[in-house]
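Fold and geometry: a report
Listed below, chain by chain, are the residues.
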Amino acid sequence: MVTAIRYHASVAYFFAKLAVQRQLEYPLFLVSWFLMIPLQYISGVWVLKLMVEQFQALAGWTFPQLAFLYGLGLLSHGLSVIFFIQTWHIDNMVIRGDFDRMLLRPMNVFFQFVINYVNFIGLIDLIPGFLIFFYGCAQIGFDWTVINVLKLLGVVIGGMFIRASICTIMGSAAFWTKRSGSLVSLTLATMERTTMYPLSLYPRLIQLALTFILPIGFISFYPAADFIGQEDGFTLPVGLAIWTPVVGLLIFTLCHFVFQSGLKRYESAGS
């Protein structure tokens with residue numbers, strides 16, 4: 001058991017090292033990304049500030065609370081961009097026949113897919129996430145207790161797995177249809193918008209869908225409501241922040257099943 005874990009860890013490290021080396025070959029691209037990404041997300045939170053100042057609180061959420069919500073969502077987004085960006089491009093991998101090599105190796109294909117690429121440049125996505133999140137924490141007077149820090153870690157990691165799992169499930173449609181890029185793009189846009197605003201802002205039917213069908217609400221809204229003490233959405237038996245890693249584990253198990261089912265329908269790209 002220990003030997004198997006060490007072997008898989010060494011393979012993951014090797015793939016990560018190669019991915020980082022490839023990305024560092026283009027330093028100018030890294031610089032341009034460093035300029036664009038923070039500007040994109042900081043301008044997003046600035047729009048939120050203008051909306052609240054010019055009109056009113058959104059569904060009872062003030063701007064500091066919205067900054068906390070938005071920043072919390074960006075942290076899991078940044079991690080998913082680093083470790084799971086390949087889930088956005090399953091259809092391209094199917095068309096190019098990238099799974100041919102994985103099927104020939106004596107190792108689980110899903111594991112190979114997960115560790116296939118580490119997006120080093122994705123670290124830049126975490127910069128605005130940290131800035132906005134810590135600004136929100138300072139504004140709302142977040143209590144940095146050991147319990148809250150542990151809950152935060154669970155929420156961010158669980159949110160990362162929710163994001164990656166949803167993209168994997170949508171992207172796996174390519175095993176049957178050969179194309180799923182539009183579906184994944186729609187999913188990414190939906191996650192970006194719905195993690196930016198309070199879920200209680202939407203009609204009840206959409207709240208239900210984003211809780212029990214696509215559990216996007218657990219990425220940032222329900223945990224943020226729990227930390228802040230907002231009485232929004234649905235009441236669950238225990239603290240809402242605790243549910244995020246649980247939901248992340250459950251949906252990651254589901255995405256593994258969907259991926260494996262789709263892999264059985266995979267057809268080689270041929271020569």
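These numbers were taken from a predicted model, which means no experiment stands behind them. (Residues numbered from 1 in each chain as written. Predicted model: local features only at pLDDT ≥ 70, side-chain atom pairs only at ≥ 80, totals over all residues. Heavy atoms only, no water.)

In this structure, Lys178 is a non-glycine residue whose phi angle is positive, near 75°. With respect to the helices, strands and loops of the structure, Lys178 is situated in the loop between α9 (174-177) and α10 (181-194). Overall, the relative accessible area of 29% leaves Lys178 in the partly exposed class. (Helix = DSSP H or I, 4+ residues; strand = E, 2+ residues; numbered from the N terminus. Buried < 20%, exposed > 50% of the residue type's maximum accessible area, 1.4 Å probe, protein only.)

The next thing to look at is the layout of surface pockets. The volume enclosed by the second largest pocket comes to roughly 230 Å³. Considering every element that reaches the lining of the second largest pocket, the biggest residue donor is helix α8 (residues 146-171), with five residues. For the lining of the second largest pocket, the per-class residue count stands at twelve nonpolar, no polar and no charged. (1 Å grid on protein atoms, 1.4 Å probe; cavity = no way out; pocket = protein on both sides within 12 Å on 5 of 7 lines; lining within 4 Å. Points joined across faces, edges and corners; volume = space filled by probe spheres on them. Nonpolar A, V, L, I, M, F, W, Y, C, P; charged D, E, K, R; others polar.)

So, on to α10. Helix length check: α10 (14 residues) gives 20 Å between terminal C-alpha atoms against 20 Å at 1.5 Å per residue, within 8%. For α10, the complete set of buried residues consists of Val184, Thr187, Met191 and Thr194. All buried residues of α10 lie within an arc of 105° about the axis, which places them on one face of the element. Opposite its buried face, α10 presents the exposed residues Ser182 and Leu186, each directed more than 90 degrees away. Here the buried face of α10 lies against α8 and α11 (204-213). (Expected span 1.5 Å × (residues − 1). Arc of directions from axis to C-beta. Contact = heavy atoms within 4.5 Å.)

With that settled, consider the confidence of the model for the chain. Parts of the prediction with low pLDDT should not have their coordinates interpreted in detail. Mean pLDDT over the chain stands at 87; residues scoring 70 or higher make up 90%. Here helix α2 (residues 27-54) stands out as the element of the chain with the lowest mean pLDDT, 69, in contrast to α8, whose mean of 96 is the highest. (pLDDT = per-residue confidence, 0-100.)

Position of Ile121 among the secondary structure elements: in the loop between α6 (109-115) and α7 (123-140). With relative accessibility at 6%, the residue Ile121 sits in the buried group.

With that settled, the discussion passes to the packing of α8 against helix α12 (residues 221-228). Where α8 meets α12, the axes come as close as 11 Å, and the angle between the chain directions of the two elements is 170°. Judged on the interaxial angle alone, α12 and α8 are roughly antiparallel. Residues Asn148, Lys151, Leu152 and Val155 of α8 form the contact with α12, whose participating residues are Pro223, Asp226 and Phe227. (Axes fitted to C-alpha atoms, helices over the stretch in contact; angles between N-to-C directions. Parallel < 35°, antiparallel > 145°, perpendicular 65-115°, else oblique.)

Orientation of helix α3 (residues 63-83) relative to α7, taken along the N-to-C sense of each, is 155°, at an axis distance of 7 Å. Looking at the two axes, α3 sits roughly antiparallel to α7. Handedness of the crossing formed by α3 with α7: left-handed. Tallied by class, residues from the contact of α3 with α7 come to 20 nonpolar, seven polar and one charged. (Left-handed = near helix turned anticlockwise from the far one by under 90°.)

Let us now look at a nonpolar patch on the surface. Residues Phe130, Phe134, Trp144, Val146, Ile147, Val149, Leu150, Leu153 and Ile157 make up a contiguous nonpolar surface patch of about 880 Å² in total accessible area. Breaking the nonpolar patch down by element, the ones donating at least two residues are α7 and α8. The element contributing the most residues to the nonpolar patch is α8, with six residues. Secondary-structure assignment places Val149 in helix α8. With a relative accessible area of 31%, Val149 lands in the partly exposed category. (Patch = residues over 30% accessible without salt bridge, like charges linked within 9 Å, V, L, I, M, F, W, Y side chains within 5 Å. Areas by Shrake-Rupley, 256 points an atom, 1.4 Å probe, with all protein chains shown as cover. Salt bridge = Lys/Arg side-chain N within 4 Å of Asp/Glu carboxyl O.)

Our focus in this paragraph is the nonpolar core. Ranked by size, the top nonpolar core spans 72 residues in total, and within it Phe99 and Phe113 carry the most contacts. Once residues within four sequence positions are removed from consideration, Phe113 is found in contact with Gln86, Thr87, Ile90, Met93, Phe99, Met102, Thr168 and Phe259. (Core = buried A, V, L, I, M, F, W, Y, C linked by side-chain atoms within 4.5 Å.)

Inspection of every chain in the model, using the stated rule, returns five salt bridges. Measuring nitrogen to oxygen at the nearest pair gives 3.7 Å for the salt bridge that ties Lys151 to Asp226. Of this pair, Lys151 sits in helix α8 while Asp226 sits in helix α12; the two residues are 75 residues apart in sequence, bridging distant segments of the chain. Judged by relative accessible area, Lys151 falls into the partly exposed class, the value being 24%. Taking relative accessible area as the criterion, Asp226 reaches 25% and is therefore assigned partly exposed. Each member of the salt-bridge network shares a partner with another, and the members are Arg96, Asp98 and Arg101.

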